[in-house]
Amino acid sequence: MNTQAPNMRPVIRQLDDSAINRIAAGEVVERPASAVKELVENAIDAGARRIEIEIADGGKTLIRISDDGCGMSGDELPLALSRHATSKIDGSDLLNIHSFGFRGEALPSLGAVGRLTIQSRAKGFEAVELSVDGGEMSSVKPCALNGGTVVTLRDLFFATPARLKFLRSDRSEMMAISDVIKRLSMAEPSVGFTLRDVSGGKDRVTFRVEPEIGDLFDAMRGRLGRVMGGEFTENALAIDAEREGFRLTGYAALPTYSRGTAVAQHLFVNGRPVRDKMLIGALRGAYQDFLSRERHPAVALFVDCDPHKVDVNVHPAKSEVRFRDPGVVRGLIVSSLRHALAEAGHRASTTVAGATLGAMQPEQLQPRVYQMDRPSPGARMASYQAQAPGFSDLAAGYSGRVVEPQPLEAEAPEAQDEALPLGAARGQVHENYIIAQTDDGIVIVDQHAAHERLVYEKLKHQMAETGVAAQALLIPEVVEMSPDDAARLLSVAGDLTKMGLTIESFGGDAIAVRETPAILGEVNAKALIHDILDELSDLGQSQLVLEKIEAILSRVACHGSIRSGRRMRAEEMNALLREMEATPHSGQCNHGRPTYVELKLSDIERLFGRT
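Digging into the overall build of the chain
Broken down by element type, the chain carries 21 helices and 24 strands. For the chain, the exposed surface amounts to about 32000 Å²; the carbon and sulfur share of it is 52%.

Observations concerning the side chain of Q588
By secondary structure assignment, the location of Q588 is in the loop between α20 (570-582) and β24 (596-600). Engagement of the side chain of Q588 in a polar contact is seen with the backbone oxygen of H585, the distance being 3.2 Å.

Considering the pattern of salt bridges
Per the stated rule, a full pass over the model turns up 28 salt bridges. The shortest N-O distance in the salt bridge between E210 and R50 comes to 2.7 Å. Of this pair, E210 sits in the loop between β9 (204-209) and α7 (216-228) while R50 sits in strand β1 (residues 50-56), placing them 160 residues apart in sequence. The exposure class of R50 is partly exposed, given its relative accessible area of 46%. The salt bridge partner of R578 is E581, with a shortest N-O separation of 2.9 Å. Taken together, the residues R578 and E581, both in helix α20 and 3 residues apart, mark about one turn of the helix. Taking relative accessible area as the criterion, R578 reaches 23% and is therefore assigned partly exposed. Put simply, R566, R569, E571 and E572 are held in one network by salt bridges that share partners.

Some details on helix α4 (residues 106-113)
For α4, the tally of buried residues reaches 8 of 8 residues, placing the bulk of the element in the interior. Turning to α4, its buried residues number three or more, namely A106, L107, P108, S109, L110, G111, A112 and V113.

Thoughts on the confidence of the model for the chain
For the chain, per-residue confidence averages 82 on the pLDDT scale, and residues scoring 70 or more make up 80% of the total. Across residues 387-399 the pLDDT falls below 50, and counting only partners more than four positions away or on other chains, this stretch makes 13 contacts in the model.

Concerning the sheet that holds strand β14 (residues 299-304)
Pairing is mixed across the open sheet formed by 5 strands, whose spatial order is β10-β11-β14-β12-β13. The open sheet has two edge strands with one neighbour each: β10 (236-243) and β13 (272-274). Across the sheet, the mean angle separating the axes of adjacent strands is 20° when strand polarity is ignored. Sheet analysis places β10 next to strand β11 (residues 246-253), joined by 8 bridges and oriented antiparallel. Considered in β11, the bridge of D240 is made with T249. Against the sheet, helix α6 (residues 170-187) contacts β12 (265-269), β13 and β14, and its axis sits at roughly 55° relative to β12. The sheet strands contacting helix α9 (residues 277-287) are β11, β12, β13 and β14, and the helix crosses β12 at an angle near 125°.

Re the sheet that holds strand β22 (residues 502-505)
With antiparallel pairing, 3 strands are arranged side by side in an open sheet as β21-β23-β22. What marks the edges here is a single partner per strand, and that holds for β21 (470-480) and β22. When the angles between neighbouring strand axes are averaged without regard to direction, this sheet yields 20°. Here β22 runs beside strand β23 (residues 510-517); their pairing, made up of 4 bridges, is antiparallel. Bridging across to β23, S505 finds its partner in I511. Of the strands in this sheet, β22 and β23 are in contact with helix α16 (residues 483-490), which crosses β22 at around 135°.

Focus on α7
Compared with the 18 Å implied by 1.5 Å per residue over 13 residues, the 17 Å span of α7 between its first and last C-alpha is a close match. If you check which residues of α7 are buried, you get F217, A219, M220, G222, R223, L224, G225, V227 and M228. Phi turns positive one or two residues past the end of α7, at G229, with a value near 105°.

What to know about the environment of I118
By secondary structure assignment, the location of I118 is in strand β3 (residues 115-121). Separated by 41 residues in sequence, I118 and L77 place their C-alpha atoms 8.1 Å apart. Not counting chain neighbours up to four residues away, the residues in contact with I118 comprise M72, L77, L81, L107, V128, E129, L130, T149, V150 and V151.

Some remarks on the packing of aromatic side chains
A full pass over the atoms with the stated rule returns 4 aromatic pairs. For the ring pair F232 and Y257, a centre distance of 6.4 Å and an interplane angle of 55° mean the geometry is tilted. On the criterion of sequence distance, the pair formed by F232 in helix α8 (residues 230-234) and Y257 in the loop between β11 and β12 is long-range, its members being 25 residues apart. Their ring planes at 10° and their centres at 4.5 Å tell us that F268 and F302 sit as a pair that is stacked. Note that F268 is positioned in strand β12 and F302 in strand β14, a separation of 34 residues in sequence. Each member of the pair F268 and F302 is classed as buried.

Brief notes about the pairing of β14
Taking burial as the measure, the 6 residues of β14 include 5 buried ones, the bulk of the element. Relative to β14, β11 runs antiparallel, the two sharing 6 bridges. By the bridge assignment for β14, T249 is matched with F302. Summarising the sheet, β12 and β14 pair through 5 bridges and their orientation is parallel. Along β14, the bridge assignment pairs Q265 with V299.

What about the nonpolar core?
Residues V40, I51, I53, F193 and F232 are the most contacted members of the largest nonpolar core, which totals 60 residues. Here the element with the most residues in this core is α6; it accounts for 8 residues. If sequence neighbours within four positions are ignored, F232 has contacts with L224, Y251, A253, Y257, A298, V299 and A300. Membership of the second largest hydrophobic core comes to 35 residues, among which are A286, V299, V303 and C305.

Rules behind the numbers
- Residues numbered from 1 in each chain as written.
- Predicted model: local features only at pLDDT ≥ 70, side-chain atom pairs only at ≥ 80, totals over all residues.
- Heavy atoms only, no water.
- Helix = DSSP H or I, 4+ residues; strand = E, 2+ residues; numbered from the N terminus.
- Areas by Shrake-Rupley, 256 points an atom, 1.4 Å probe, with all protein chains shown as cover.
- Polar contact = N/O pair within 3.5 Å; in protein donor to acceptor, adjacent residues only side chain to side chain.
- Salt bridge = Lys/Arg side-chain N within 4 Å of Asp/Glu carboxyl O.
- Buried < 20%, exposed > 50% of the residue type's maximum accessible area, 1.4 Å probe, protein only.
- pLDDT = per-residue confidence, 0-100.
- Contact = heavy atoms within 4.5 Å.
- Pairing = 2+ DSSP bridges.
- Axes fitted to C-alpha atoms, helices over the stretch in contact; angles between N-to-C directions.
- Expected span 1.5 Å × (residues − 1).
- Phe/Tyr/Trp six-rings, centres within 6.5 Å; stacked < 30°, edge-to-face > 60°.
- Core = buried A, V, L, I, M, F, W, Y, C linked by side-chain atoms within 4.5 Å.

Quick look at the structure:
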């Protein structure tokens, strides 16, 4: 990498302001979406209640941000384009940050790599305008503007053309900008946002949300519904918990409303959108018992705390944070989400029923002329006997059995009074699916998946009460590693011991494995230790041993549950329904798939053209 001649000593020299700003722009402004993020955050910090964003050609030729914030005076405008000039901090405490921006780098950096024009008007002052072209600043001059600020950035990276080669297509850059605006709009539900694509002289609104009203959760729910979709808020659980000065609010979706990627995971710290490994690891830990590894939960979670408990100045784009006590935050997220999911009981996502109805294609018939009444059981049997010989004998052999409704007197007195969310069993089809009737519809239950979850929850409960049994190794296995890895592993030795994995130091560069979880049988201790180390390095914590133990419990539950193809009596089916109602997480199997589908009577009637 060193291109200096061997006999020449490199000389240290001071770079000019233009080069400094272009270097800073390389850190802060990675792509057009980065520029939009910085400018919209400035508008929010200025107290704007409505922000309009205009984009042309994916932000490569035009980015214009208009807001109704407090604006700037003619004296402040040149200062705003100076490096490290800001109104958001006084420099005495770099941790006491209550705004999005605080470094004072964005505007001068953008002016160094593009053609930047700022028009602004503060209350009681005249409107003024200032332009910067590739780092060359013009003089302040008057302009026409009612209030607020309009920032126009043209020809981004024209001063550094090499950066243009690394940008993606206009469509991809526009999608990245839209994602930035949506995340910021979730963080600020009281602010209205409008995103326009003005490429080619056209004017197309691609995203718009009005300011939300109401209390914290009403405004948050309304904004999340508009950004993430109504299905998310319908199938999400409200989260509101606090621990040791940290507060967690937001919404977390049911496991059956999962996604194939992490695209629907939105995390915020003190109102700032972040992508933090520790937070993502905590989220995965909270859902690990309900989703397979290839499925991802949908959440919008907000962590709020005293600014001194979190450092937001650890990443150029401020997309990562560092907590003073990450263990408290992780524990808050895991316990809050698991508590909310447990309280949801047997509830499953409404999208399951929607997908079921969508798969049903009613036959296209002529308009109905008359409607026949539903036949009685006696009429059905008579119709069997009147048809082809032997048909009535075959009726009982079909893979479907009808359970006639029992009189109310036959049911237990307490069952008559309490509501039955999953209804009463009315039949079984294909020896695998239970059909139950509810007050306003029907429920179809996968008997094997449902019972598998029930058995799994019982096994977990038993393990929590008795602990994880450990098996001692006749000869402890010594695993060599670097001193740093050994120290990292020994820092979680107490947690591993609770899971049945006992380790201890064996010199400075090795550890000895003395016990392994008995339920795992024969274990490759070396491979297990290295896998745990990989998780610790990547996420800062490891759930690998617990995941392996729970995977064994899941397999045991699968083999110990009601098998597909088994005929069940009416009392067995109803007992299964009642146990599902009383067991947390029974709405999904161990892999996040639904254990039952509920169809409302109104949906069924619509399928048959009754509405």
